[in-house]
Amino acid sequence: MSTTSPEAVKKLLENMQTDLRSLSMECKKKFPPVKEAAESGIVKIKTIAARNTDILAALKENSSEVVQPFLMGCGTKEPKITQLCLAAIQRLMSHEVVSEAAAGNIINMLWQLMENGLEELKLLQTVLVLLTTNTVVHDEVLSKAIVLCFRLHFTKDNITNNTAAATVRQVVTVVFERMVAEDEKFKGMAEQPPAVQGNSNRRSVSTLRPSAKDAYMLFQDLCQLVNADAPYWLVGMTEMTRTFGLELLESVLNDFPGVFLQHQEFSFLLKERVCPLVIKLFSPNIKFRQGSSSSAASPAPVEKPYFPICMRLLRVVSVLIKHFYSLLVTECEIFLSLLVKFLDGEKPQWLRAVAVESVHRLCVQPHLLRSFCQSYDMKQHSTKVFRDIVNALGSFIQSLFIVPSVGNASSTNTPTGGSASSAQASAQGGTGATGGSGGLTTQAAFEYRGTWIPLMTVSVQGSAKATYLEMLDKVEPPSIPEGYAMSVAFSALLDLVRGITSMIERELAKEEEEAAARVGSEPAASAQSEDSSQEPQPHQVWEEMVSACWCGLLAALSLLLDASTDETATESILKAELTMASLCGRLGLVTPRDAFITAICKASLPPHYALTVLSSNAANLSSKTYSIQGQNVQIISPSSESHQQVVAVGQPLTSQPQGTVVLTAKNIQCMRTLLNLAHCHGAVLGTSWQLVLATLQHLVWILGLKPGVGGALKPGRAVEGPSTVLTTAVMTDLPVISSILSRLFESSQYLDDVSLHHLINALCSLSMEAMEMAYGNNKEPSLFAVAKLLETGLVNMDRIEILWRPLTAHLLEKVCQHPNARMREWGAEAVTSLIKAGLAYKHDPPLSQNQRLQLLLLNPLKELSNILHADIRQKQLECVLQILQSQGDSLGPGWPLVLGVIGAIRNDQGESLIRTAFQCLQLVVTDFLPTMPCTCLQIVVDVAGSFGLQNQELNISLTSIGLLWNISDYFFQRGEIITEELEKEEAVLLKQSRENGEPLNRPFHPAPPFDCLWLCLYAKLGELCVDPRPAVRKSAGQTMFSTIAAHGTLLQQATWHIVVWKVLFHLLDCVRKSSTTADKEKIESGGGNILIHHSRDTAEKQWAETWVLTLAGVARIFNTRRYLLQQLGDFFNAWEVLLDHIQSAALSKNNEVSLAALKSFQEILQLVTPVKDTDKPDALGAMDIPPVLMDPLTASGPGRPLPRSDSLAERLAQRYGAQPPPPPPGEEQDDSALWWSAWSTWYRTGIECTRPPSGGTDKLAFVPSQPFLTALIQIFPALYQHIAGGFSMEDLRKLGVILHGAVSVPISSDASPFILPSYTEAVLTSLQEAVLTALDVLQKAICVGPETLQVMYPAIFEQLLQFVEFSCKPPQYGKMETKHVANAKYNQIQLFAPAEWVALNYVPFAERSLEEVVDLYHKTACHKAVINEKVLQSIIKTLRMPLGLKYACPAESTWKLAVSSLLKVLSIGLPVARQQASSGKFDTMWPELANAFEDFLFTKSTPPDNLSIQEFQKNESIDVEVVQLISTEILPYANFIPKEFVGQIMAMLNKGSIHSQSSSFTEAEIDIRMREEFSKVCFETLLQFSFSNKASTPQEGYISRMALSVLLQRAQDVLRRYVEDERLSGRCPLPSALRMELECHPYRQQVTEIIFVLKAVSTLMDSLKKTQPENVDGNTWAQVIALYPTLVECITCSSPEVSSALKEALGPFKDLMQPPVSKVQNGES
């Protein structure tokens, strides 16, 4: 029911009348005036009610009168009456029927009551009702009413005081509400411009409306009062407190900010009054330093901070900042700076607490913070307020962890030691007791370096609910519970971060939307130009805000994170750090972003974990230290200071093995934050990816996660052993972490290209670090980076091109080359997986149309080949195999690359690798040859060749040669297709090369491309033919010659030229070179247990086999393709080269090679006449039958291959427009040049191989074998057929040299048993046979040849005679020592002893030669040449040696044959000599002949001891025969014979007659052994010619006399010597037989001699007697007689033989006994 309704009015009137009545009743007795007034009042009311329709208005008009009685009633000061009056007045007021005048009267009356201290509460009530129900009270009245309330606030009664305080507050509010209402009312009206403001407040007031004026006056006085100055308007104030004043100021400012903002007058008040006031009041707090005693309650010592004032000031400041920041920029700067100072550690605890609360209030207002930043931090020369606030918060938090000093203990009511430490103890006990499961301590807290601070819930997130700023009733500073300040500061921090980040992110998002919209509509340039330079860009503001606050935030947050023991708190801190990091990232602030990320990273890792990336980044946090300090990390015990639950123990990822490290639950929590950061904010991480990933890598390592297929990490055991211990708590987390990790990299597909590159770079540098760590030890490396690179590559396949190069470059250059095998293995795994995935991915456009991409993807596969590690190559090749199997058909242009990889094998790579690579190659050759471009065929050939050349696996080499054969078949079958394709390609290349002006660079260029392919194949086989391994060489050689034989017809004629020179001869050169330099060391075994045959047990012998094969193959090609080759033009040169090769092979020091060379020689001379078999198909015939011997009708061409190839060969021939030329019939026109070339080769070979080694006694010198020499010599007769026409004397001489040399060569004693006949047989070796045959051929040729040839006879004689000499004087082979065959040791047992050389038994050869000589002489004695060249003399001279040696001859038969031959030759030759005597051609022969007789008849050699009597007599008869020849053929013709010769003969016979005994016979044989028969014959002949009366000249007689004289003189000497010896020996009887043997040998010889002399003397005596006395010289007689005394001396001799001989000798002297003659001849004695 409203107050204006009729009922209400009616009720009012009734009530008023009742009140007046009551009043009149009360005052009836004591206060009559009052009673009267009351009664008249009743009348008045009734009158008004009756007269007026608008009763209330009328009442109001007359209100002064209506109120009067009640005022008087109050004046009575009677409580009862007063109360009644006040109630009535209030009723009036509530109906708004009080006028201004009445109100004034009421106030005055109330003032009186107040002064009298009556009804105080009622008074207050009345004032309140009066002011709130209407607006009639203004100016002084109002001020009086307000003062009244103030006065009542300071009574002695508490209730009154409090009520008054509330009333004052309400009244103040009412005053301002009236002003607001007034403003509302005048809102629409045009404002008058206010007058210019001066300093005086009065002037400014005049412009205000009434209510505003009241408000102004009131606010101004409040300021005056708080400032302890007299009020201008509130007259009558007696007392006032600052606290109350401040509260009032705060409420006004807080409730009516609009008033101050809209009215300049009020703004002026704020600036001029409020702010200076606040600053002044703050001064004690600023100056105060804690440390004396606790604060006193009284405000008297102003200089101390006073809690109530201080707290209220802070509230005011909060309000001022919140609402009037824009007006009070400078002032706020001061306030905020002060606020920051209050957080100082030196301020009292309560002051810091309220300051923190104030700061919290600011922190929940991000826009305000932004304004601070704009107004202060971004202005020059201004305090960096925003930064200071944040830093202050940070240092405040830090200071709380520093244990407070003792001085302040009283200000916090709990003693520091008490609760804190006990709480801490219980917390620790809890952790320990529950085994680290976190059980008992449920309270959240921070704990750092022994300081334990509990965490309380102080306010809801985002609102600053203060506790101490609200304690308006407290006068004493309250005690602050432990942890309160920390909790507030913590909330403030979090709210600050949350507010700033969400604000900026909202605005960023909005801006991005607008930008997107703008891009849609118009270009952005115009938008830029509108921006005025005044207002800073929002971006700049945001960046400045972040730059200003990040350091402080980070310091505080990371400290808190470190100290936090509560999961929720930790989560909040991490979230704050995360959002900051992300925000910095979005704003592009790299340093702060990295710093926040570093903090999270550090928190994820165990304390003091050495991680360089982080430490370098955390320079700005260097002052921080961690809570887990000085603990040995391995020991997880309750004493550890950390309250964290340990969930994992693992190995740190370091290069040096260290102990273990522990991960706590908090670490894992941080790790999850880190993952979250990377996952959700990857795009803004940029370079900090490195920090994030490095940390994750270490965590993953400690947790023991290992990469699996595709790079995902799975829990796995560490290799080093069970050092990783995980609790069940973390075990369940691991799969989650692992999958988050994988998702993290999968999400990289949503990153933009730049971020993706950052990610890749980070992974690469991480990988570099992991690699550096893994150097030099074989510890398990960290594979995190590599695995993640792989994962990132795989998920970004659709844009693989942008990251392919950096990704693969890193993997190839760094990871795959790392010495640590595990690291390498993963590198290779990553590269190959990426390549396979790349090739398999459905690209758009597909790879077949995007050749560049295909090559890009395949390129790393090729690069892997440069890496030396086997495991890498293994992976690479496995990858190739898989690619071939899956994508082999679609490789196209990628083939060269793939083939290159397969072929990049090296010998140091080990078997398994090569085997894998070879599998790939086999797959290619069997399946893919038709699918690849023909240009790649050459590469296939090269690759197959390189497998042949590798030396790790012999079987592969051999198989690859087989592959080459298969490839050649493929070429053969697809010849036409390949040719066409290659020629197209060739045309393109030629065109290009012409355009570039460069020559076409292709091997074997001038040849057609298809032929080039063949040539490459041959060249490869050629290389294999000189492989170090014999088996490979053999196989390659056979393959090569077979392919040339089978497919050679496909080649153009010009190509054959290349085949001969570049392939065949080149091969021969190489083989020759290798063979000659091969090692002669013995190879023990062929690997494994393979035994090597002795003919192959050195490298040299193995090369020999190769040389043999090659030479034979080439020779065969020359044979079978002779006609084709002869049309090449330089056939003669080729022939020369071939002969040169044959020669060098023949001269090789290896018997096998040299012999084979001669066989090839024979083959190219077509000496080996193959069996002519017309039934053979000609294709095969072509292989062996020399074309010369083929019937020209059956052979359709040289070496025609298989029939089906015919057509192809012809087609190719037509294509190149050449017809195969028909073979010319019969022998070639003129081959003589070829044959003479062959002759000179034969001659050089012979000379070289028979030249003796130059070194002296070198036992290891090479000596050619007998079979070789035999073969060499056997070539001559056939060769001679071809060159007989021009064979000259010079050539014959050359031949002789070789024959002589060949026969002189000794053989090794190893071989001698096989070659030499046993010594007793007189058989020729085959070599000797061959030599004689050669001479025989010549001799026969001369016989039937023209006269001119006859001059060669003497040369043949000379040659044969040289051979005859061998019988006695075996030829010397250089200076080599040869043993006679009989003494050679057969030392096969001693394998390594150098063989001794054995001279052949030359006797049979020499004897055979001698027979030849005699035969030939028989035929040719009368030839002019034979006579002119003194052949006879040569024969005699030659025979002189065996004749002279006689018994010393190596063989007895020799001298016997020599004698008989001499006799035969002389019987033919002497008559010729006599005929030719006059020509003088035989003059020199005679002395030679004389010497020959002399040497033979008086040989220096003694017969062997074992010679039987019969033998001796037989030999003697030969001597006799010779003497008889002399007596029949020579002496009778003395006239035709030179005198000296006859003289020599005489002397010889003379000698024979005496000195014919042979020494060393036993006495028993002595009679027979004296050659008496011979002596006799000599003597007789001698005497016959000496003393014959036929002596034609005195000279002859003189010769005879001389001879006799010599004879006698000799006898005299012998006898005398004998007698002397006899005398010396003292005629001692000879002792036993032994003694005779040992000592008397000279004696026995002497006896023999004596006997002979005595016999000769007796013979002489006989002869002298028979001769006519006139023929005997007197002197002779004298000499004979002179012997007598000597003979007599011998009588004493003891030997019976001597005695009997002496008897015979002395006998004849009786004829000389005559009386002495008296006459002495002069001069003679």
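Residues numbered from 1 in each chain as written. Predicted model: local features only at pLDDT ≥ 70, side-chain atom pairs only at ≥ 80, totals over all residues. Heavy atoms only, no water.

*Asks:* Give a description of the overall build of the protein that names residues and reports values.
*Replies:* Assigned secondary structure in the protein consists of 69 helices and 9 strands. Burial analysis of the protein (1725 residues in total) assigns 52% to the buried set. If you take every contact in the protein between residues at least 6 apart in sequence, the share linking residues at least 24 apart comes to 76%. Surface accessibility of the protein: about 75,900 Å² in total, with carbon and sulfur atoms responsible for 54%. (Helix = DSSP H or I, 4+ residues; strand = E, 2+ residues; numbered from the N terminus. Buried < 20%, exposed > 50% of the residue type's maximum accessible area, 1.4 Å probe, protein only. Contact = heavy atoms within 4.5 Å. Areas by Shrake-Rupley, 256 points an atom, 1.4 Å probe, with all protein chains shown as cover.)

*Asks:* Can you break down unusual backbone geometry residue by residue, with the values?
*Replies:* Its identity as a non-glycine residue notwithstanding, Ala228 has a phi of 65°, on the positive side. Positionally, Ala228 belongs in the loop between helix H11 (210–226) and helix H12 (242–255). Although it is not a glycine, Lys1430 sits at a positive phi angle of roughly 55°. If you trace the backbone, Lys1430 turns up in the loop between helix H57 (1424–1428) and helix H58 (1431–1445). For Lys1430, a relative accessible area of 33% puts it in the partly exposed group.

*Asks:* Tell me about the packing of aromatic side chains, and name the residues and values.
*Replies:* Tallied over the entire structure, the rule returns 37 aromatic pairs. Taking the centre distance of 5.7 Å and the plane angle of 50° together, the rings of Trp895 and Phe928 count as tilted. A residue pair is termed long-range when its members are at least 10 positions apart, and Trp895 in helix H36 (residues 895–903) and Phe928 in helix H37 (residues 911–928) qualify at 33 residues. Residues Trp895 and Phe928 agree in their burial class; the two are buried. (Phe/Tyr/Trp six-rings, centres within 6.5 Å; stacked < 30°, edge-to-face > 60°.)

*Asks:* Tell me about the pattern of salt bridges, residues and numbers included.
*Replies:* Inspection of every chain in the model, using the stated rule, returns 32 salt bridges. Between Arg799 and Asp753 there is a salt bridge, and its shortest N-O distance comes to 2.8 Å. One end of the pair, Arg799, is in the loop between helix H31 (784–795) and helix H32 (800–813); the other, Asp753, is in helix H30 (residues 753–774), and 46 residues separate them in sequence. On the accessibility criterion, Arg799 (15% relative accessible area) is buried. Take Asp753: its relative accessible area is 37%, and that puts it in the partly exposed class. Salt bridges linked by common partners bring Arg169, Glu247 and Arg312 together as one network. (Salt bridge = Lys/Arg side-chain N within 4 Å of Asp/Glu carboxyl O.)

*Asks:* So, the pairing of strand S1 (residues 445–448): which residues are in play, and what are the values?
*Replies:* Every second residue of S1 is oriented toward a common face, with Ala445 and Glu447 on one face and Phe446 and Tyr448 on the other, all of them buried. Pairing of S1 with strand S2 (residues 451–454) involves 4 bridges; the strand directions are antiparallel. Each bridged residue has a counterpart across the sheet, and for Phe446 the counterpart in S2 is Ile453. Following S1, the chain reverses through 2 residues before pairing antiparallel with S2; Arg449 in that reversal takes a positive phi of roughly 50°. (Pairing = 2+ DSSP bridges.)

*Asks:* Can you explain a nonpolar patch on the surface? Please cite residues and give values.
*Replies:* Nonpolar side chains collect at one region of the surface, where Tyr1684, Val1688, Ile1691 and Met1713 lie side by side and expose about 370 Å² of accessible area between them. Turning to its location among the elements, Val1688 is positioned in helix H68 (residues 1674–1689). According to the relative accessible area criterion, Val1688 is partly exposed, its value standing at 34%. (Patch = residues over 30% accessible without salt bridge, like charges linked within 9 Å, V, L, I, M, F, W, Y side chains within 5 Å.)

*Asks:* Describe in detail helix H18 (residues 366–377), supporting the description with residues and values.
*Replies:* Taken across its 12 residues, H18 has 9 buried, putting it largely inside the fold. All of the buried residues along H18 are Pro366, Leu368, Leu369, Arg370, Phe372, Cys373, Gln374, Tyr376 and Asp377.

*Asks:* Tell me about the nonpolar core, residues and numbers included.
*Replies:* In terms of nonpolar packing, the biggest core is built from 490 residues, with Phe372, Phe386, Leu703, Leu741, Leu884, Trp1242 and Phe1493 touching the most fellow members. Contacts of Phe386, omitting those with residues within four sequence positions, involve Leu369, Phe372, Cys373, Asp377, Leu496, Ile500, Met545, Ala548 and Cys549. Ranked by size, the runner-up nonpolar core spans 28 residues in total, among them Leu1604, Val1614, Cys1693 and Phe1709. (Core = buried A, V, L, I, M, F, W, Y, C linked by side-chain atoms within 4.5 Å.)

*Asks:* Now, about the environment of Phe1493: what can you tell me, with residues and values included?
*Replies:* Considering the arrangement of structural elements, one finds Phe1493 in helix H60 (residues 1485–1497). In this structure the C-alpha to C-alpha distance between Phe1493 and Arg1440, which are 53 residues apart in sequence, comes to 7.9 Å. Once residues within four sequence positions are removed from consideration, Phe1493 is found in contact with Leu1462, Leu1466, Phe1498, Val1522, Leu1525, Ile1526, Ile1530, Ile1545 and Met1548.

*Asks:* Outline the packing of helix H4 (residues 63–75) against helix H5 (residues 79–94), listing residues and values.
*Replies:* Packed helices, taken two at a time, are described by the angle between their axes plus the distance between the axes. Relative orientation of the contacting elements H4 and H5 amounts to 150°, with a least axis distance of 8 Å. Judged by the angle between their axes, H4 and H5 are roughly antiparallel. Pair H4 / H5 crosses with left-handed handedness. Seen from H4, the contacting residues are Val66, Val67, Phe70, Leu71, Gly73 and Cys74; seen from H5, they are Ile81, Thr82, Cys85, Leu86, Ala88, Ile89 and Leu92. Grouping the constituent residues of the contact of H4 with H5 by class yields 11 nonpolar, 2 polar and no charged. (Axes fitted to C-alpha atoms, helices over the stretch in contact; angles between N-to-C directions. Parallel < 35°, antiparallel > 145°, perpendicular 65-115°, else oblique. Left-handed = near helix turned anticlockwise from the far one by under 90°. Nonpolar A, V, L, I, M, F, W, Y, C, P; charged D, E, K, R; others polar.)

*Asks:* Break down the confidence of the model for the protein for me, citing the residues and quoting the values.
*Replies:* Of the residues in the protein, 78% reach a pLDDT of 70 or more, and the chain-wide mean stands at 75. Under a pLDDT of 50 for its full length, residues 405–441 has, in the predicted model, 33 contacts with residues more than four places off or in other chains. Within the model, the stretch residues 618–642 combines pLDDT values under 50 with 42 contacts to residues more than four positions away or in other chains. (pLDDT = per-residue confidence, 0-100.)

*Asks:* Summarise the packing of H32 against helix H33 (residues 821–840); cite the residues concerned and give the values.
*Replies:* The contact between H32 and H33 brings their axes to 9 Å, and the two run at 150°. Between H32 and H33 lies a crossing whose hand is left-handed. Along the contact surface, H32 presents Trp804, Leu807, Leu811 and Leu812, while H33 presents Gly827, Ala830, Val831, Leu834 and Ile835. Classifying every residue of the contact of H32 with H33 by side-chain character gives 8 nonpolar, 1 polar and no charged.

*Asks:* Give me the lowdown on the environment of Ala215, citing residues and values where you can.
*Replies:* Considering the arrangement of structural elements, one finds Ala215 in helix H11. With relative accessibility at 0%, the residue Ala215 sits in the buried group. For Ala215 and Val174, which are 41 residues apart along the polypeptide, the C-alpha to C-alpha distance reads 9.3 Å. Other than its neighbours up to four places away in sequence, Ala215 contacts Val175, Phe176, Met179 and Phe266.

*Asks:* Lay out the sheet that holds strand S7 (residues 725–726) in plain terms, naming residues and giving numbers.
*Replies:* The 3 strands are arranged S4-S3-S7 in an open sheet whose pairing can be described as antiparallel. A single partner strand is all that each edge strand has here, and the edge strands are strand S4 (661–664) and S7. By the bridge criterion, 4 bridges tie strand S3 (residues 646–650) to S4 in an arrangement that is antiparallel. Looking at S4, one finds that Ala648 is bridged to Leu663. Docked against the sheet, helix H27 (residues 665–685) engages S3 and S4, running at close to 70° with respect to S4.

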